[in-house]
Each structure stands twice: as C-alpha cells, then as structure tokens.
Amino acid sequence: MLNVSIIGASGYTGAQLVDLVARHPDMTLARTFVSANSADAAKPLSAIHGNLAHLSQVRLEPISDEALAELAANMDLVFLATPHEASHDWMATLTSGRAKILDLSGAFRLKDTAVFSQFYGFEHTSTDALGNAVYGLAEWYPQAIAQSRIIAVPGCYPTASLSALKPLFNAQLLDSAVRPVINAVSGVTGAGRKASLANSFCEVSLQAYGVLGHRHTPEIEAYLGTPVIFTPHLGNFKRGILATVTVKTVAGCTAEQLNQAYHQAYADHPIVRLRESFPRLDDVVNTPFVDLHWKLDEKSGYAVITAAIDNVMKGAASQAIQCANLVSGLPVTKGLLAE
Ligand SMILES: NC(=O)C1=CN([C@@H]2O[C@H](COP(=O)(O)OP(=O)(O)OC[C@H]3O[C@@H](n4cnc5c(N)ncnc54)[C@H](OP(=O)(O)O)[C@@H]3O)[C@@H](O)[C@H]2O)C=CC1
Ligand SMILES: CC(=O)N[C@@H](CCC(=O)OP(=O)(O)O)C(=O)O
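Residues numbered from 1 in each chain as written. Chains lettered and ligands numbered in written order. Predicted model: local features only at pLDDT ≥ 70, side-chain atom pairs only at ≥ 80, totals over all residues. Heavy atoms only, no water.

Our next topic: the confidence of the model for the protein chain. On average, residues of the protein chain carry a pLDDT of 98, and 100% of them reach 70 or more. When the elements of the protein chain are averaged for pLDDT, helix H4 (residues 114-120) gives the smallest value, 96, and helix H7 (residues 156-170) the largest, 99. Scoring of the predicted complex yields 0.98 for pTM and 0.98 for ipTM. (pLDDT = per-residue confidence, 0-100. Helix = DSSP H or I, 4+ residues; strand = E, 2+ residues; numbered from the N terminus.)

And the structure:
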C-alpha cells in the first residue's frame, strides 16, 4: 500500500483528494493538513465537508517545518492542494526524502520564471525543483510523469483547452496564422473555498474575467506550442468547465482528418470520451472524464471544439490521482474507473 498525505485537505480540491485516496485500492490516507494557523486545525474534516462524514477518523493537523520533513522521509506520496506560494516555499523540504510530490498549484507548471513574477505575483526561487518538475497532463506526458518525483498538476482551464487543441496542433491541422480562440465558463469552486465578495451567491453572474491577461494563457501556450486567445468566464453554478474552442484549420482540411486526429490521439485513453454530440456539464460533473466533440465547416475552414470537465476532478484532484498512479507504476485509471 502507498502511504499518502494531503496538505490543504480542507479546500475543495483537497477534500476531493481525501475522498479519492480513501477509495483507492492501493493507497492509505496517513495524514491531512491545513495551514499552521488555520482555524480548522484539529477539526475532523467531516465537520467541514459533510459528504465525508463516513471518514470520521480524518482529522486536520496544522502544518509545520517538522511535519514537512517527516512527510518527505516517510510518505510515498504527498499531495499539495495549497496556494501557489506555499507549494513553492515547501518543495525543497518535501523533496529532501523519498516522497513523490503531486502539486495541484501553479507553482511548478512553467519553466519560464518571468511568468511567475508577471502572472502569479511572486519571484520563483525554487530553481532546482522547477528544473525537475514535469507537467502532469496525464494523457500527453505519461512517460515523463512516471519518471519524475515532482508533478505539477495542470490548471483546470489548461486541462480542458489542451485536451481539445493538442490533437489538432500535433497533427499539423491548425492554420499557424490564426490563433485558436478559447472561451471557457467555470463553476465557482474553481476559485477555491475561501470566502470572497466576488464569489458570493448574490454577486456571481455570468461574466468574463482575466481578459487578455489570465495566468492560464501562458500555461496553455507553453504546452500547446502556439499563442492563443483565452477568455475565462465565471458561471453561477458550482462545478464544471465548458470550454468552447474555435480554430482555423489548414487549407483543404477535411472533417475526416479532424476525426482521425482525435481518434488517434485518444485511442488508448479511457478518461477522454469522444462524444457524438456536444457535451453538457452534467455529463462530467463529479467524474474524472474529459468529454470532447467537434465540428468543421469545410467551406470556411473553421472548426469548433467543445471540452467539458469537472474542474475539481479532471481539472485538479482526479488528474492528480492519474499522475500518482503513473509515478507509482499503477494503471493510470486505478481508483478512478471500474476495472
Ligand atoms: N479549485 C479548483 O478547481 C482548482 C484549484 N487548483 C489549485 O489547487 C490549489 C488548491 O485549490 P482549492 O482547493 O480550490 O483551494 P481552497 O482555497 O479551497 O483550499 C486551500 C487549502 O489550503 C489550505 N491552506 C491555505 N493556505 C495554506 C498554507 N499557507 N499552508 C497550508 N495550507 C494552506 C486551506 O486551509 P486553511 O486556509 O484553513 O489553512 C485549504 O485547506 C490551489 O493552488 C489552486 O490554484 C487547481 C486546479 C483547479
Ligand atoms: C473560477 C476561477 O476562479 N478559477 C480559477 C482557476 C482555478 C485553477 O485551475 O487554478 P490554478 O491555476 O490556480 O491552479 C481562476 O481563474 O483563477
């Protein structure tokens, strides 16, 4: 059995991880943490997340330098469901032992450190760890993930966007003169559990945000290989991301070529479901799936692709489990799909 700990266990992605780890046939949940001065330290997790009431033994501990060193030495896997800067500050200690680290934050996703000062608001100084980190888009980098000890689990919008775009870019079906345009709507859990006026029930109304400046733009561009226009929107629902992607294809591109690109890319990847119609959020909420559908207008050469995911699952926690399976030599869908 793999010994697992989760830091940030009281948040949306952390609690989802607790649920997934508790169900995983090869994992034992050892310890769960919140920040050093958290008001929730010493509480049972079930006092915060009633859906986990059956896990009454799971208690939240305050994190400390000693605990970080112990986790590094004794755990097989440590999940960080914490703010970017906390992950950044702890990575050197956490990687000083035998543990493999699955970081759900954005702190180790990009090699270009200028992105962190520009988009994340802090200077990246964890240079060695950044050099060793691998981007955890599970369907696309399984070998690299399997060989790494630091996995930077992708952001939720990049997971949806890259799943839709990479098959076409890699098959050289995109017109390089026209940027792909991604319009994506996320549920409010995407913003995390901490209360803020902008995310409160009476304030949320479908609206674009982060226009031409969201931190996921450089992440999508880095792992796609071409610039994009990305516009996120906040929707008045709890979970899920629906990304609608518009692309210009190369001259003469046929619908059959698009079909082939998707079917070849995802032939052996059951988490990605190639649908016969445009997916709905309800089809993927609370599941680990990415649902995709596409349509090409052969006359104009424009294609529209829709990707649907659950932001807390494939956009964070279930993708982290996929990566944990890969680094542990287990089948990638273990604990996520019925065998
Ligand atoms: N929500 C989503 O859909 C997605 C989130 N992510 C990323 O995953 C990470 C977690 O997100 P999410 O679950 O939404 O966040 P939440 O705000 O819901 O939860 C954050 C968790 O971290 C704890 N925490 C906060 N500060 C610290 C600290 N300094 N040290 C230790 N623990 C701390 C919080 O507890 P407390 O404050 O009580 O200590 C809480 O348990 C973030 O980096 C986020 O960007 C990635 C993809 C999707
Ligand atoms: C709705 C909402 O607010 N979503 C978050 C993205 C969540 C995510 O994927 O976050 P990280 O890249 O921070 O890990 C946002 O736009 O900032």
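That was the structure; now back to the text.
Looking now at helix H1 (residues 12-23). With 12 residues, H1 should cover 16 Å at 1.5 Å per step; its first-to-last C-alpha distance of 17 Å lies within 8% of that length. Within the sequence span of H1, burial applies to Gly14, Ala15, Gln16, Leu17, Val18, Asp19, Leu20 and Val21. Contact partners of the buried residues in H1: strand E1 (2-7), strand E2 (27-34), strand E4 (77-80) and helix H10 (313-327). (Expected span 1.5 Å × (residues − 1). Buried < 20%, exposed > 50% of the residue type's maximum accessible area, 1.4 Å probe, protein only. Contact = heavy atoms within 4.5 Å.)

To continue, consider the environment of Asp19. Position of Asp19 relative to the elements: it lies in helix H1. Note on Asp19: relative accessible area 12%, which makes it buried. Each C-alpha atom of the pair Asp19 and Leu52 lies 7.2 Å from the other, and the pair is 33 residues apart in sequence. In this structure the side chain of Asp19 is engaged in a polar contact, spanning 3.1 Å, whose partner is the side chain of Arg23. (Polar contact = N/O pair within 3.5 Å; in protein donor to acceptor, adjacent residues only side chain to side chain.)

Glancing now at the site of ligand 2. Neighbouring ligand 2 are 15 residues; Arg109, Cys156, Tyr209, Arg215 and His216 lie closest to it. The separation between an oxygen atom of ligand 2 and a polar side-chain atom of Arg215 is 2.3 Å. Notes on ligand 2: free accessible area 430 Å², of which the protein chains cover 85%. Counted by class, the shell around ligand 2 contains six nonpolar, seven polar and two charged residues. (Near = heavy atom within 4 Å. Areas by Shrake-Rupley, 256 points an atom, 1.4 Å probe, with all protein chains shown as cover. Nonpolar A, V, L, I, M, F, W, Y, C, P; charged D, E, K, R; others polar.)

In contact at an axis separation of 9 Å, helix H2 (residues 65-74) and helix H3 (residues 84-94) are set at 50° when each is read in the N-to-C sense. One element, H2, and the other, H3, form an angle in the oblique class. Regarding H2 and H3, the two cross each other, and that crossing is right-handed. For the pair H2 and H3, the contacting residues are Leu68, Ala69, Leu71 and Ala72 in the first and Trp90, Thr93 and Leu94 in the second. Across the contact of H2 with H3, the residue classes break down as six nonpolar, one polar and no charged. (Axes fitted to C-alpha atoms, helices over the stretch in contact; angles between N-to-C directions. Parallel < 35°, antiparallel > 145°, perpendicular 65-115°, else oblique. Left-handed = near helix turned anticlockwise from the far one by under 90°.)

Turning to the UniProt feature "domain: Semialdehyde dehydrogenase NAD-binding" (unreviewed entry) in the protein chain, a few remarks are in order. This chain's UniProt record puts "domain: Semialdehyde dehydrogenase NAD-binding" (unreviewed entry) on residues 3-148. Segment residues 3-148 splits into 36% helix and 18% strand. End C-alpha atoms: 18 Å apart. (UniProt positions renumbered as here; feature names shortened; annotations may be inferred.)

One number sums up the size of the second largest pocket: a volume of about 350 Å³. Considering the residues around the second largest pocket, the lining is formed by 15 residues, among which Val188, Asn199, Phe201, Phe237 and Lys238 are closest to the centre. In terms of residue class, the lining of the second largest pocket is made up of six nonpolar, six polar and three charged. (1 Å grid on protein atoms, 1.4 Å probe; cavity = no way out; pocket = protein on both sides within 12 Å on 5 of 7 lines; lining within 4 Å. Points joined across faces, edges and corners; volume = space filled by probe spheres on them.)

Before going further, it helps to examine the nonpolar core. Residues Ile7, Leu168 and Leu292 are the most contacted members of the largest nonpolar core, which totals 64 residues. No other element matches the seven residues that H7 contributes to this core. Lining this core are residues from two domains, each supplying at least three of them: domain 1 (2-132) and domain 2 (156-311). Excluding anything up to four places from it in sequence, Leu292 contacts Ser163, Ala164, Tyr262, Tyr266, Val272, Arg273, Leu274, Arg275, Pro279, Thr306 and Ala307. Counting 38 residues, the second-largest nonpolar core is a separate cluster that includes Phe79, Leu102, Leu104 and Leu330. (Core = buried A, V, L, I, M, F, W, Y, C linked by side-chain atoms within 4.5 Å. Domains from an automatic or database assignment.)

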